[in-house]
Amino acid sequence: MVIRSLRSTARKALVFAAAGALAASGAVALAGTADAASTLGAAAAARGRYFGAAVSSGHLGEAQYTNTWVTEFNGVTPENEMKWDTIEPNRNQFNFAPADQITTQARSRSMTIRGHTLVWHSQLAGWVSGLDATNLQTAMTNHINGVMGHWKGQIYAWDVVNEAFEENGTRRQSVFQQKLGNGYIEQAFRTARAADPNAKLCYNDYNTDGQNAKSNAVFAMVQDFKSRGVPIDCVGFQSHFNSASPVPSDYQANLQRFANLGVDVQITELDIEGSGTTQASNYTRVVNACLAVSRCTGITVWGIPDKYSWRASGTPLLFDSNYGKKPAYTAVLNALGGSSDPPPDNPPPDNPPPAGGACAATVTTNQWQDGFVGTVRVTAGTGQVNGWTVTITLPAGATITSGWNANRSGNTGTVQFTNVGFNGAVAPGQSVEFGYQGTGTGSDVTPSCAAS
Ligand code: XIL
């Protein structure tokens, strides 16, 4: 029972710390099975880091999207919901609801939340551009206070200023630069520190991933801020790569030189166009670089499945458009020290494989405040299974709202799932998975499996 109750995704994050305790409790077999974390978030947590994804509130209704997010990641950045044009579309009218959809769920799962972004020339509300300097100054302060105040104490790090430099290292001629002058970045950071003293304050940019004119300019700014006591805690490296803009050879050295200034570094918007082993090895390089820099506190990929990437045609993410795990996914998981091939949930001898022709089922439930996702693994015994039915009984009040990879007989009480066309055949000892999402409390279900 100890072993079974510990066999959850969350437990895997703790496995290294807990190995000694497990051995002491007599569960020596478990401690000896090289029980690596099987999700990106758990593997990153075991390395003292978060692994996040940019999430769009508009996709949360898609069960596989939400399920992949909450199963695989332990961090999140709202992809557009905190940008000025969405969150303060009219002066002093704040629209927090779209971002709240994401942060509420993230908080119920203790995820690391990055706030993105407060002062940026793009996706800026139209009214801001028309202000004179005095009004713009007031509006920027009010915006930072309003947005940061809403989530005070809840955000791990804020991208206070985004993309303020040109490729040649000069200041981008944004409305903030033109009307407020060079001092606007410092003003923004000072305002942000007062608005939420517990949030880490980051400067975030792209094409700063190796040493070049632009990253040198950011470096000089951070050095200056540090020397004058201007509050800054971290630098975000967007890390959008493709063949025209590959992972630079000095990627790790560049992260390290910033870290040496006394700030954390974070990889904030990672995506790498490509496919197969080339894409996978590029991802590996980025993850290894972060792991080699002790002040690199986490990595965020800029989306979940390729189909929702802002650069979808370049297939730059870890999951394909059907949520299949790409070679890049496996490469990242392995680089983090995890393994996509965990031991079966109920290994022998405490739960021997079913006899020939039979099947067994296990359920892993991710429960949050008012909803759940169940992932069911169907495992064939010593003989081939050619079709299966899994029966579960949901607790009172639990209602399934959607599911995937199985047909379903109902939504409450005793529910039967049968295979769909592509996953009925299960070879001896092999497994297939299906899932469901619902409202209420869906944990503590015991599945049974019948082969047909
Ligand atoms: C992108 C989003 O992914 C898109 O959905 C949106 O249409 C445009 O912005 N740098 C940033 C991110 O800091 O906010 C941008 O996100 C990508 C580039």
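Residues numbered from 1 in each chain as written. Predicted model: local features only at pLDDT ≥ 70, side-chain atom pairs only at ≥ 80, totals over all residues. Heavy atoms only, no water.

(A) Layout of the overall build of the protein chain. Tallying secondary structure elements over the protein chain gives 15 helices and 17 strands in all. Of all 452 residues assigned to the protein chain, the portion counted as buried reaches 53%. (Helix = DSSP H or I, 4+ residues; strand = E, 2+ residues; numbered from the N terminus. Buried < 20%, exposed > 50% of the residue type's maximum accessible area, 1.4 Å probe, protein only.)

(B) Main features of empty space enclosed by the protein. Applying the stated rule across the entire model yields 2 cavities of 30 Å³ or more. Along the walls of the largest cavity sit V119, W120, H121, V161, N162, E163, A164, R172, S174, F176 and Y184, which together make up its complete lining. Here the second largest cavity is characterised by a volume of approximately 30 Å³. Taken together, K83, W84, T117, L118, W120, S122 and Q123 make up the full set of residues lining the second largest cavity. Broken down by class, the residue content of the lining of the second largest cavity amounts to 3 nonpolar, 3 polar and 1 charged. (1 Å grid on protein atoms, 1.4 Å probe; cavity = no way out; pocket = protein on both sides within 12 Å on 5 of 7 lines; lining within 4 Å. Points joined across faces, edges and corners; volume = space filled by probe spheres on them. Nonpolar A, V, L, I, M, F, W, Y, C, P; charged D, E, K, R; others polar.)

(C) Representation of the state of the cysteines in the model. Applying the stated criterion across every chain, the model contains 3 disulfides. Paired by a disulfide, C359 and C449 hold their sulfur atoms 2.1 Å apart. Every disulfide takes its handedness from the sign of the S-S torsion; for C359 and C449 that torsion is -100°, giving left-handed. One end of the pair, C359, is in strand 10 (residues 359-368); the other, C449, is in strand 17 (residues 448-451), and 90 residues separate them in sequence. (Disulfide = S-S within 2.5 Å.)

(D) Seen up close, the sheet that holds strand 16 (residues 431-439). One open sheet holds the 4 strands; their spatial order is 10-11-16-13, and the pairing between them is antiparallel. A single partner strand is all that each edge strand has here, and the edge strands are strand 10 and strand 13 (399-404). The mean angle between the axes of side-by-side strands here comes to 25°, regardless of whether they run parallel or antiparallel. Bridge analysis of strand 10 against strand 11 (residues 371-380) gives 10 bridges, and the strand direction is antiparallel. Its bridge partner lying in strand 11, N366 is registered against V373. Docked against the sheet, helix 5 (residues 63-72) engages strand 10, strand 11, strand 13 and strand 16, running at close to 90° with respect to strand 13. (Pairing = 2+ DSSP bridges. Axes fitted to C-alpha atoms, helices over the stretch in contact; angles between N-to-C directions. Contact = heavy atoms within 4.5 Å.)

(E) Region of interest: the nonpolar core. The biggest cluster of nonpolar side chains holds 98 residues, and the ones touching the most others in it are F51, W69, W158, V161, F176, F189 and L318. If near-sequence neighbours (up to four positions away) are discounted, W158 is found in contact with M82, G115, H116, L118, V147, M148, W151, A199, K200, L201 and C202. Membership of the second largest hydrophobic core comes to 23 residues, among which are F372, V376, A380 and Y436. (Core = buried A, V, L, I, M, F, W, Y, C linked by side-chain atoms within 4.5 Å.)

(F) Region of the structure containing the site of the ligand. Inspection of the region around the ligand gives 13 residues, with E79, K83, H116, E269 and W302 positioned closest. In the environment of the ligand, an oxygen atom lies 3.1 Å from a nitrogen or oxygen atom belonging to the side chain of Q123. A distance of 3.2 Å is found between a nitrogen atom of the ligand and a side-chain nitrogen or oxygen belonging to Q238. More than half of the atoms of the ligand fall within 2 Å of the grid points belonging to the second largest pocket. Here the residues of the shell around the ligand are counted per class, giving 3 nonpolar, 6 polar and 4 charged. (Near = heavy atom within 4 Å. Polar contact = N/O pair within 3.5 Å; in protein donor to acceptor, adjacent residues only side chain to side chain. Sits in = over half its atoms within 2 Å of the grid points.)

(G) How the structure looks around the pairing of strand 9 (residues 296-301). Most of strand 9 sits out of view: 6 of its 6 residues are buried. In this structure, strand 1 (residues 50-55) lies alongside strand 9, joined through 4 bridges in parallel fashion. Note that in strand 9 the partner of A53 across the bridge is V301. Here strand 8 (residues 264-272) pairs with strand 9 via 4 bridges, running parallel. Each residue of the ladder has a partner; that of L270, found in strand 9, is V301. As a crossover connection, the stretch from strand 8 through helix 14 (residues 276-292) into strand 9 is right-handed. (Right-handed = clockwise from strand over helix to strand, strands pointing away.)

As far as function goes, none of this settles anything; it's purely spatial.
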